[in-house]
Each structure stands twice: as C-alpha cells, then as structure tokens.
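Observations on the three-dimensional arrangement
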Amino acid sequence: MKRYAIIGLGGRSSFFYTALAKDFQSTSLIVGFCDTNQTRMNLANEHLASLSYPSAPIPTYPAFNFEKMISETKPDEVIITTMDRTHDIYIIKALELGCNVITEKPMTIDEVRCKAIIDAVERTGKQVRVTFNYRYAPHNTKVFELLGEGAIGQVNSIHFEWALNTSHGADYFRRWHRDKRNAGGLLVHKSTHHFDLINFWLRSHPVSVVAQGGLMFYGRENAEKRGVTEFYTRAHGSEVAKKDPFALHLEEHEQLRRMYLEAEHEDSYHRDQSVFGDGISIEDTMGVLVKYASGAILTYSLVAYAPWEGFRAVFNGSKGRLELDVVEASYVNSGGEQGAEGALEKCTVTLRPLFEKPREIEVVGGLGGHGGGDPVLLNDLFGEDVGEDRFGRAADHIDGARSILTGIAANRSLRTEGVVWVKDVLDLKH
C-alpha cells in the first residue's frame, strides 16, 4: 500500500484525494496535508469525513513545515497541486527527501526551474510523473493510434485551435493565473496540455518556435475601448459586479465560498477579481508556429473568450488528412462537480485518405472529466496491478519539460519578436 501526502489544498487537490478515498483505498493511504491555508486543509478533511474515509482527519501541516510533514508521515509519493511557480520548490524537496512525485501540469514555469528539476531527478534517482490527463482521453489516444499506424502517412503539418470560453477562459483572469509571474501565462499554464498532446501524437519534440499574441479582450484598457465606464476590483460586495456577466459570485457556490471566501482571513487571496481590472499581465489571444524534430510544422491558436469550449486538430500527411473536432462542457474551476470539468459533449474523428471517400472513426468511451481522460489517468496512477500501457501515456519529467519548453520559447518569442530555438532555451540532450 502506497502512502501519499498532498501539498496545495486548492481546487485541483480534491481531484486526487477524493479518488484516493473513494476508489483506491485498497492500494493507497493519505497520510498528510500541507498548505499555506488551514481553512482549506480543514475543508479537505471535512470532505474526507463525508466519504467515511477511515484515516480522516488527515494530519495537517503549514507550508513552511513541508519537510516536517515528510519526516513524520513518511509518504512514498508526494502529490503537488500548489501555485505553478512553487512546483519546483516542492518537487525538488520531495525528491531529495526520498519521495517520488506526482505533479499537476505545468511541471514548472521557466527554463531555470525546469533545469533544476531535471538535475534533481538525475541526482536522486527518484521519479516525477506529470498528470497530463488529456493523453488518456479516448479520442486523443485514438489519434495517437491512427497516426502511429500510418493512417495518413508522414505527418507534415498540424493546425490546432483551442477555444476557452467566457466561463472557463475568463476564470484564468480572475485568479492568480492573471499574473504571469505565477504561471508563465496561458502559453505555459494551459497550453502545456496542448503542446504535450502534439509531442505525444507526433512522437517528437519541438525544435523552433515563433509566437504572436497579447491581451486583446480582458483588462481595463480593452474594456474602456469598448465603452465600459463602470469598474470594480472584485465581485464580492460590488454593486457594479451584479451587472457584469463575467463576474464570479463566490457566495452563490458553496464549494467556492468555503474554499476561498471563508479562507480569505488567512491569506487575503481574492478568487473573484474582475477580468476587466488592472494588473493583468498574461495574454488572452495567442498564435504560435512550431517546427518539430520529425519535420512537421504546427500552427496553434488559443483564445480565452470564445463562445464555445473545445478544440479542433487537423493533421495533413503524405497519404491523407485526419480531423479531430471536440466540444467540451463549460465550467469554472471548483465551481461544481469536478468529474464534469471538461467533460465531453461532442466528438468526431474523421479520416480523409487521398483519392478515397472520408470515413468517421468510432471512438469508444469518453465519460468523465477532460474528455474522459481523468478516470483513466487516475487508474494508471493509483490502480492495482496496472499493466504496461501500450500507448505509453504516462508522462515523466522529460515529457513535462518538453511540453513547457514550447510555451517558454513562445513567451521569449513574444518578447523578442523573433524565432526561438528550443535548444537555446534548454538543451535536454535526451
């Protein structure tokens, strides 16, 4: 039985501790919670008690006692769901204290932190898993399988468009993600999913990157240009916010109210900031051109204010074309049932061979969050007698590095307005 400790008890952590408590009691034991906020740790314990988890309440530790938690609770693995800019701190400490690590994406936010994690893995001999749940979604796995079978021959180009809507997309501009120092912007925090999928599908890695983008919709200046005259800092207690369809009213969502509004007295973190306020330093509109070691080129688009949620990926090859169209359920992080976050609403996979009629490819499954990937990922992480995955979907620290390096290089390209060679950012030599 493996022992697990969790650092970071915000919205994403419940995905892991709920699964461990409900579905994997025979293979796992939660031994420690660690966070900067005691209220959130208490809420997590309350949730475990409601599930009749036999080990509840879990011992809690303030973040500055992370090493003490490891020493006293002796976990085999540490699950890291903290703010992105702190991932490297806890990954490296956990590795050095003899633990394997499961970390939320992105693994970290810049090349310096990335290199430090890679060095720590090599120095300690311990393992890091990055939880790329989209690899496990049945339609994404099917694309991997089709491309590997040569269904369209050599893949020469990919167009990948991801649309975040005015609920999910807007949510990044209410939270700590709105400050690029915390998460590297959406090209790192969110696009790490998408760039990892491309690496996974192509069985390749990025060589060069050029990007354009900016803050074109959210933020006060853009709102003023559209004629908005009334503003607010946060939704709670604001009369102006009551008229704003983008406002998030924490008091209307029990989970958000208890996790954030009632925890503010400890850390002054406001979860409901105005998306049209000042202080936003991330982009909401991005275009990226990437060249891969395989020779393929990617054109990538991400917008965070679309009227729908989902993505389109088109692969052009020497023998035809493969098209993937996905519509996902809209959501606000931790605003409802977590299993419904990013749940699949519609999916079509179309194969168009040269000189033949197109045909739709059947995809089996797809239930659960993130296109059906969440439950498959969880079983791969925590399940009993998990055999070898013929698709190789488990992502290690090198996969984590390769996915963020596309975004890190894109951020550098935004600053320099030029082509960035990935090896000049960080040469993995793997």
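Residues numbered from 1 in each chain as written. Predicted model: local features only at pLDDT ≥ 70, side-chain atom pairs only at ≥ 80, totals over all residues. Heavy atoms only, no water.

**What to know about the overall build of the chain**
The cut-off we apply is this: Think of it this way: any DSSP run of H or I at least four residues long counts as a helix, any run of E at least two long counts as a strand, and we number them from the N terminus. Throughout, the radius of gyration refers to the C-alpha atoms, and the reference size of a globule is 2.2 Å times the residue count to the power 0.38. For every residue, the accessible area (1.4 Å probe, protein chains only) is compared with the maximum for its type, and the residue is labelled buried under 20%, exposed over 50%, or partly exposed between those bounds. Whether two residues are in contact is decided by their heavy atoms, any of which lying within 4.5 Å being enough. With residues, only the protein chains shown are counted as cover, and all accessible areas are computed by Shrake-Rupley using a 1.4 Å probe. In this tally, Asp and Glu contribute negative charge and Lys and Arg positive charge; neither His nor the terminal groups of the chain are included. Taken as the charge location is NZ of Lys, CZ of Arg, CG of Asp or CD of Glu.
Looking only at helices and strands, one finds 16 helices and 15 strands in the chain. For 430 residues, the compact-globule formula gives about 22 Å, and the C-alpha radius of gyration of the chain, at 21 Å, lands near that figure. Taken along the three principal axes of its C-alpha coordinates, the chain extends 65 × 60 × 40 Å. Scored against the burial criterion, the 430 residues of the chain give a buried share of 59%. Sequence-distant contacts in the chain: of pairs separated by 6 or more residues, those separated by 24 or more amount to 75%. On the chain, roughly 17,700 Å² of surface is accessible, and the fraction owed to carbon and sulfur atoms is 49%. On the chain, the mean spot of the 48 positive side-chain charges and the mean spot of the 58 negative ones are 3 Å from each other.

**Re the UniProt feature "domain: Gfo/Idh/MocA-like oxidoreductase N-terminal" (unreviewed entry) in the chain**
To keep it simple, the criterion reads: UniProt positions are given in the numbering used here, feature names are shortened, and annotations may be inferred rather than shown by experiment.
Within the UniProt annotation, "domain: Gfo/Idh/MocA-like oxidoreductase N-terminal" (unreviewed entry) is assigned to residues 3–132. Taken end to end, residues 3–132 comprises 43% helix and 21% strand; its first and last C-alpha atoms sit 22 Å apart.

**Topic: the nonpolar core**
Our working definition: Here, the term nonpolar core denotes a set of buried Ala, Val, Leu, Ile, Met, Phe, Trp, Tyr and Cys residues that are joined through side-chain atoms within 4.5 Å.
Among the nonpolar cores identified, the biggest contains 94 residues, and Phe160, Trp201, Tyr218 and Phe315 are the most heavily contacted of them. Here the element with the most residues in this core is helix 15 (residues 397–416); it accounts for eight residues. Counting 24 residues, the second-largest nonpolar core is a separate cluster that includes Ile6, Tyr17, Leu20 and Leu377.

**Regarding the side chain of Asn100**
Inspection of the secondary structure puts Asn100 in strand 5 (residues 100–103). For Asn100, a relative accessible area of 17% puts it in the buried group. Setting aside anything within four residues of it in sequence, one finds Asn100 in contact with Asp76, Glu77, Val78, Lys126 and Gln127.

**Let's talk about the packing of aromatic side chains**
Inclusion rule: Each pair of aromatic rings taken from Phe, Tyr and Trp, with Trp reduced to its six-membered ring, is defined by centres within 6.5 Å and is described as stacked if the planes are under 30 degrees apart, edge-to-face if over 60, and tilted in the remaining cases.
The full count for this structure, using the stated rule, is 25 aromatic pairs. Ring centres 4.2 Å apart and planes at 10° place the aromatic pair Phe144 and Phe200 in the stacked group. With Phe144 in helix 6 (residues 138–148) and Phe200 in helix 10 (residues 191–202), this residue pair connects regions lying 56 residues apart in the sequence. Phe144 sits in the buried class, given a relative accessible area of 10%. Given a relative accessible area of 5%, Phe200 falls into the buried group. Ring plane angle 80° and centroid distance 6.3 Å describe the contact between Tyr218 and Tyr305, whose orientation is recorded as edge-to-face. Highlighted residues: Tyr218 in the loop between strand 8 (206–214) and helix 11 (220–225) and Tyr305 in strand 10 (residues 297–306), separated in sequence by 87 residues. We classify Tyr218 as buried; its relative accessible area is 0%. The rings of Tyr134, Phe160, Trp162, Phe195, Trp201, Tyr300, Phe311 and Phe315 are connected pair by pair, giving a single aromatic cluster.

**Describing the layout of surface pockets**
Heads up, the rule is: Here a cavity denotes grid points, spaced 1 Å and computed from the protein atoms alone, that fit a 1.4 Å probe unable to get out, and a pocket denotes an open set having protein on both sides within 12 Å along at least 5 of 7 lines; residues with an atom within 4 Å of a point are the lining. Grid points are joined across faces, edges and corners, and a volume is the space filled by probe spheres set on the points. Each residue receives one of three labels: charged for Asp, Glu, Lys and Arg, nonpolar for Ala, Val, Leu, Ile, Met, Phe, Trp, Tyr, Cys and Pro, and polar for the others, Gly being one of them.
By volume, the largest pocket is sized at about 950 Å³. Lining the largest pocket are 42 residues, with Thr81, Thr82, Met83, Trp176 and His177 sitting closest to its centre. When its residues are assigned to classes, the lining of the largest pocket shows 10 nonpolar, 19 polar and 13 charged.

**A short note on the packing of helix 1 (residues 13–23) against helix 14 (residues 369–382)**
Operational definition: For helices, the axis comes from a line fit to the C-alpha atoms of the stretch in contact; other axes are also lines fit to C-alpha atoms, and the angle between any two N-to-C directions lies between 0 and 180 degrees. Left-handed is the label given to a crossing in which the near helix is rotated counterclockwise from the far helix by less than a right angle, and right-handed is the label when the rotation is clockwise.
With their axes 11 Å apart at the nearest point, helix 1 and helix 14 run at an angle of 65° to one another. Handedness of the crossing formed by helix 1 with helix 14: right-handed. Contacts from Phe15, Phe16, Ala19 and Leu20 in helix 1 reach Asp374, Leu377, Leu378, Leu381 and Phe382 in helix 14. Residue classes in the contact of helix 1 with helix 14 are distributed as eight nonpolar, no polar and one charged.

**A short note on unusual backbone geometry**
Here Ala56 and Pro57 are connected by a cis peptide whose omega angle stands at 0°. With respect to the helices, strands and loops of the structure, Pro57 is situated in the loop between helix 2 (38–50) and strand 3 (60–62). Residue Pro106 follows Lys105 across a cis peptide bond; omega there is -15°. Looking at where Pro106 falls in the secondary structure, it is placed in the loop between strand 5 and helix 5 (111–124). You will see that Arg203, though not glycine, has its phi angle at about 55°, which is positive. In this fold, Arg203 is placed in the loop between helix 10 and strand 8. One non-glycine residue, Glu417, lies in positive phi territory at about 60°. Take Glu417: it is sitting in the loop between helix 15 and strand 15 (420–421).

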